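An overview of the molecular structure
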2 protein chains.
Amino acid sequence: MFDILRSYFETKNKLTDDQFEFMQTLFIPRKMKKGEFLQREGEIAKYGAFVTKGCLRSYVMDTKGKEHIVQFAPENWWISDTESMANPLSHSRYFIDAIENSEVLLIDLASQEKLMETIPEFAIQYRQGIQKRNAAKDKRIVSSLSATAEERYQEFLKKYSTIAQRIPQHMLASYLGISPETLSRIRKQMSSKKII
Amino acid sequence: MFDILRSYFETKNKLTDDQFEFMQTLFIPRKMKKGEFLQREGEIAKYGAFVTKGCLRSYVMDTKGKEHIVQFAPENWWISDTESMANPLSHSRYFIDAIENSEVLLIDLASQEKLMETIPEFAIQYRQGIQKRNAAKDKRIVSSLSATAEERYQEFLKKYSTIAQRIPQHMLASYLGISPETLSRIRKQMSSKKII
DNA sequence: TTCATTTCTTGATATAGGTCAATGTCCACG
DNA sequence: CGTGGACATTGACCTATATCAAGAAATGAA
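Read on for a plain summary of the structure. Because the structure is predicted, anything quoted here is derived from the model rather than measured. All chains use their own residue numbering, which begins from 1 and follows the written sequence. Each chain is given a letter, starting from A, and each ligand a number, starting from 1, according to the order in which they appear as written. Only residues with pLDDT of at least 70 get local features here, since the model is predicted, and only at 80 or more are side-chain atom pairs given and counted; chain-wide, interface and lining totals rely on the full set of residues. Calculated side-chain values reflect all of the structure's heavy atoms, with hydrogen atoms and water omitted.

Brief notes about the sheet that holds strand 7 (residues 95-98) of chain B
Residues and elements named next belong to chain B. Which entries qualify depends on this criterion: Two strands are said to pair when DSSP picks up at least two bridges between them. Secondary structure elements follow DSSP: runs of H or I of four or more residues count as helices, runs of E of two or more count as strands, with numbering from the N terminus. Working convention: axes come from line fits to C-alpha atoms, limited for helices to the stretch in contact. Angles between N-to-C directions cover 0 to 180 degrees. We call two residues in contact when some of their heavy atoms are within 4.5 Å.
Spatially, four strands are ordered 2-7-4-5 in an open sheet, and the strand pairing comes out antiparallel. The strands lining the two open edges of the sheet, one partner per strand, are strand 2 (37-39) and strand 5 (67-74). Within the sheet, the average angular offset between the axes of one strand and its neighbour, ignoring direction, is 25°. The pairing of strand 4 (residues 55-61) with strand 5 spans seven bridges and is classified as antiparallel. Within strand 5, the position partnered with M61 by the bridge is E67. Its contacts with the sheet place helix 8 (residues 169-176) against strand 4 and strand 5, and it is angled at close to 110° to strand 5.

This is the structure in structure tokens:
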């Protein structure tokens, strides 16, 4: 599991063996069965997770009991409720669970801070990472406000084709903010367009 | 202008006078008339801006020439295209302009990095800031995907009542992803509800 | 393999919100 | 002060997408 984490980091900065060893002491490896929760709404988020195998998702439940998927996290992605983690009083509004049998590395806030102090490159990489996410979120906001359901689906396919292939359609619909029925119809329409 | 920046920082960390003086060397003060651009689509973003007076906004233009407002930035807010700034090759997809006569402090990437090296508290504060924004963006995504136009309007009023009062309605509509006509009707409906 | 459960598809119908067009209101600026 | 241009309101109509309902297909456990 840790080798995945190492090579993830080393796409940007080389680690000494000492650094890598130190890193390993900070994470808690954990296997998760499909459907198992890392965290539920109302809990206080304790850990952020780096996914080394499988796929997790985070979602919220609206007042009508409907799920809205916020993020998918396959291998090499981070998933966490940073808000609740950073603010140990705030209860999380997110559920996070595994949608495949998965393996994750957990890290708590204190360890994460230790990591940033000890390996300054990590702090930089981390900051760049959240900045990039921020930009991606802005794009998603704009497209959710202005693009049609089909356009949003196409964008997703283009950007995350690997994810699209491994998740059930109704989850993708939830992520895109459309009903499963509409997604089904869009796909049908698209496939007929291609044939002509 | 700089005193606004100072007190903004000092809500979290006290600055020595030396630190404050150093800080001042890194920012470029600039006055902006209503309607003036800080940056246009296609340009390479050079500066991030801290608003000390007035209000700016960032927006994208879609393929049909329609504007979609991404962010408002009144006093004490940052506004920038971090993506294009961090990646000096990438052309920005954003317009940023002043919607009131405004005053801003500009900072380029190099200076920002110098600031983070020199005042480590700044780095931490900055990271926490973008993390918080991230969480806010997630909320906006979920609500844009699942809430009705009226709900989104109400949320905005609750969260940013001061902004709501000073911007033109059609800009708020653009931010919320609804047409100006719909916003007008929602407001009418809400006011009649209150009277009953 | 078989049965049960979950997921996907399809049709019929309803509705939130968009678009277009006309009118009303309010300033800013000569 | 008037008046032109931006902004807001209102009405009529239209369309994308939701919802409800039923059946088909896929998946997986025994």
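A closer look at the interface of chain B and chain A
Cut-off, in case you're wondering: By convention, the term buried area covers the 1.4 Å-probe accessible surface removed from two parts as they join, with the contributions of both added. Salt bridge, as used here: a side-chain nitrogen of Lys or Arg that lies within 4 Å of a carboxyl oxygen of Asp or Glu. Side-chain atoms alone can form a polar contact between residues adjacent in sequence; in general such a contact is a pair of N or O atoms within 3.5 Å, and within protein one must be able to donate a hydrogen while the other accepts it.
Each partner contributes to the interface: chain B provides 28 residues, whereas chain A provides 28 residues. Together, the buried faces of chain B and chain A total about 2,900 Å²; carbon and sulfur atoms form 61% of this surface. Across the contact surface, chain B and chain A share two salt bridges. Here A:D138 and B:K137 are joined by a salt bridge, their closest N and O atoms 2.9 Å apart. For the pair chain B and chain A, the interface holds seven residue pairs in polar contact (both at pLDDT 80 or more). Elements supplying a minimum of two residues to the side of chain B that touches chain A: strand 5, helix 3 (82-86), helix 5 (120-146) and helix 8 of chain B.

Here we look at the protein's contact with DNA strand C
Our working rule: Near, as used in this document, describes a residue that has one of its heavy atoms within 4 Å of the molecule or strand being considered.
Taken together, 16 residues lie around DNA strand C, and A:Q169, A:R185, A:K188, B:A149 and B:T182 are the ones closest in. When atoms of DNA strand C within 4 Å of the protein are sorted by moiety, sugar and phosphate together comprise 62%. Contacts to DNA strand C include B:A149, whose backbone N or O atom sits 2.8 Å from a phosphate oxygen. Of all the secondary structure elements, the ones that give two or more residues to the surface near DNA strand C are helix 8 (169-176) and helix 9 (180-195) of chain A together with helix 9 (180-195) of chain B.

Regarding the layout of surface pockets
We apply this condition: Points on a 1 Å grid, built from protein atoms alone, make a cavity when a 1.4 Å probe fits but cannot get out and make a pocket when they are open with protein on both sides within 12 Å along at least 5 of 7 lines; residues with an atom within 4 Å of a point are the lining residues. Grid points are joined across faces, edges and corners, and a volume is the space filled by probe spheres set on the points. Gly is put with the polar residues, along with every residue not named as nonpolar or charged; the nonpolar set is Ala, Val, Leu, Ile, Met, Phe, Trp, Tyr, Cys and Pro, and the charged set is Asp, Glu, Lys and Arg.
Empty space within the second largest pocket amounts to approximately 470 Å³. Taken together, 15 residues form the lining of the second largest pocket, with A:M116, A:P120, A:A123, B:M116 and B:A123 sitting closest to its centre. Where the lining of the second largest pocket is concerned, the elements lending two or more residues are helix 4 (109-118) and helix 5 (120-146) of chain A together with helix 4 (109-118) and helix 5 of chain B. Among the residues forming the lining of the second largest pocket, the class breakdown is eight nonpolar, one polar and six charged.

Some details on the pattern of salt bridges
Between side chains of opposite charge, a pair can form as their charged atoms come close. Residues and elements named next belong to chain A. In plain terms, the rule: For every residue, the accessible area obtained with a 1.4 Å probe (protein chains only) is divided by the maximum for its type, and the residue is called buried under 20%, exposed over 50%, and partly exposed between those limits.
Enumeration according to the criterion identifies 19 salt bridges over all chains in this entry. Between E67 and R57 there is a salt bridge, and its shortest N-O distance comes to 2.8 Å. With a gap of ten residues between them, E67 in strand 5 (residues 67-74) and R57 in strand 4 (residues 55-61) connect regions that are remote in the sequence. Here E67 falls in the partly exposed class, since its relative accessible area comes to 34%.

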